[in-house]
Amino acid sequence: MSKIRKPINAWADDDRPREKLMLKGKCALSDAELIAILIGSGNKEESAIDLSRRILQATESSLAELARQSVLSLQRFKGIGEAKAIAIVAALELGQRRRMADKMDRTKITCSQDVFELMQPKIGELTHEEFWVIFLNNANHVRGIVANHTERFIKHQLIDAVNISKGGVTGTVVDLRILFKLALEKQATAVILVHNHPSGKLFPSEADLQITKKIKDAGKIMDIAILDHFIITEHDYYSFVDHGRF
């Protein structure tokens, strides 16, 4: 006997995700219920919540893993067409951007860990490489970048963090002209270099070492300090300065 699915609109108000959100607030909803609101409906065999639960199960019940899914990969689930897949991707990207904006608003870079906490939400879980630059200017807002295990009390204020290139799984190309053009436009006096390793490997490649040296040399000419270079992975980071490579 085939299972008869009771549609969400036939449920009690307290169990329907939209109504539940209105009655109890957003925090009362499970991840599946929030996703069900995004997709609106399920398929002939599943309600929107059942479908959402199945999608989460397939992504290890991890929103981070779900955020890595493409529009195309989400469409492999019956009942998820292009429009619903786009809604999921867009919502998770908004969440990532909000998390990043919150970090930008309150971050004081006093050590390497602060850089990791600022950038990991943006690039730590990507499946391709991106190269970012954190721009800073002179102020009394920020204290300290660790160098050779000794704090340098250089006072800088965070201006912005900008993605200047995207690449594949194993690398990305950095255009120094773009980097220093942005630094001049933002009146930055110092920068921190950041890129991710989707492979999870923390140690720098020969290409990483070469581009770091190239940017440092150019920074000396432009009178813009290169404070550090970070490699970010999902769970950890590598600081060139902390490892004596500056």
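Below is a summary of the structure that appears in this document. (Residues numbered from 1 in each chain as written. Predicted model: local features only at pLDDT ≥ 70, side-chain atom pairs only at ≥ 80, totals over all residues. Heavy atoms only, no water.)

## Things to note about helix H7 (residues 112-123)
Piece 1. If you check H7, its first and last C-alpha atoms are 16 Å apart, about what twelve residues at 1.5 Å a residue would give, namely 16 Å.
Piece 2. Counted residue by residue, H7 has ten buried out of twelve residues, so it is predominantly covered.
Piece 3. Looking at H7, one finds that the buried residues are Ser112, Asp114, Val115, Phe116, Leu118, Met119, Gln120, Pro121, Lys122 and Ile123. (Helix = DSSP H or I, 4+ residues; strand = E, 2+ residues; numbered from the N terminus. Expected span 1.5 Å × (residues − 1). Buried < 20%, exposed > 50% of the residue type's maximum accessible area, 1.4 Å probe, protein only.)

## Quick notes on a nonpolar patch on the surface
Piece 1. On the surface, a cluster of nonpolar side chains totalling about 320 Å² of accessible area is made up of Leu184, Ile221 and Met222.
Piece 2. Relative to the helices and strands, Leu184 resides in helix H8 (residues 176-185).
Piece 3. The exposure class assigned to Leu184 is exposed, which follows from its relative accessible area of 51%. (Patch = residues over 30% accessible without salt bridge, like charges linked within 9 Å, V, L, I, M, F, W, Y side chains within 5 Å. Areas by Shrake-Rupley, 256 points an atom, 1.4 Å probe, with all protein chains shown as cover. Salt bridge = Lys/Arg side-chain N within 4 Å of Asp/Glu carboxyl O.)

## Let's talk about the pattern of salt bridges
Piece 1. Taken as a whole and assessed by the stated rule, the structure comprises 13 salt bridges.
Piece 2. Note that Arg53 is salt-bridged to Asp50, the shortest N-O span being 3.4 Å. Remark: Asp50 and Arg53 occur in helix H3 (residues 48-58); sequence separation between them is three residues, near one turn of the helix.
Piece 3. By relative accessible area, Arg53 is classed as partly exposed at 43%.

## Overview of the packing of helix H1 (residues 17-24) against helix H2 (residues 31-39)
Piece 1. Viewed as axis vectors pointing N to C, H1 and H2 meet at an angle of 120°, and their least axial separation amounts to 9 Å. On the side of H1, the interface is formed by Pro17, Arg18, Lys20 and Leu21, while H2 contributes Glu33, Ala36 and Ile37.
Piece 2. Grouping the amino acids of the contact of H1 with H2 by side-chain chemistry returns four nonpolar, no polar and three charged. (Axes fitted to C-alpha atoms, helices over the stretch in contact; angles between N-to-C directions. Contact = heavy atoms within 4.5 Å. Nonpolar A, V, L, I, M, F, W, Y, C, P; charged D, E, K, R; others polar.)

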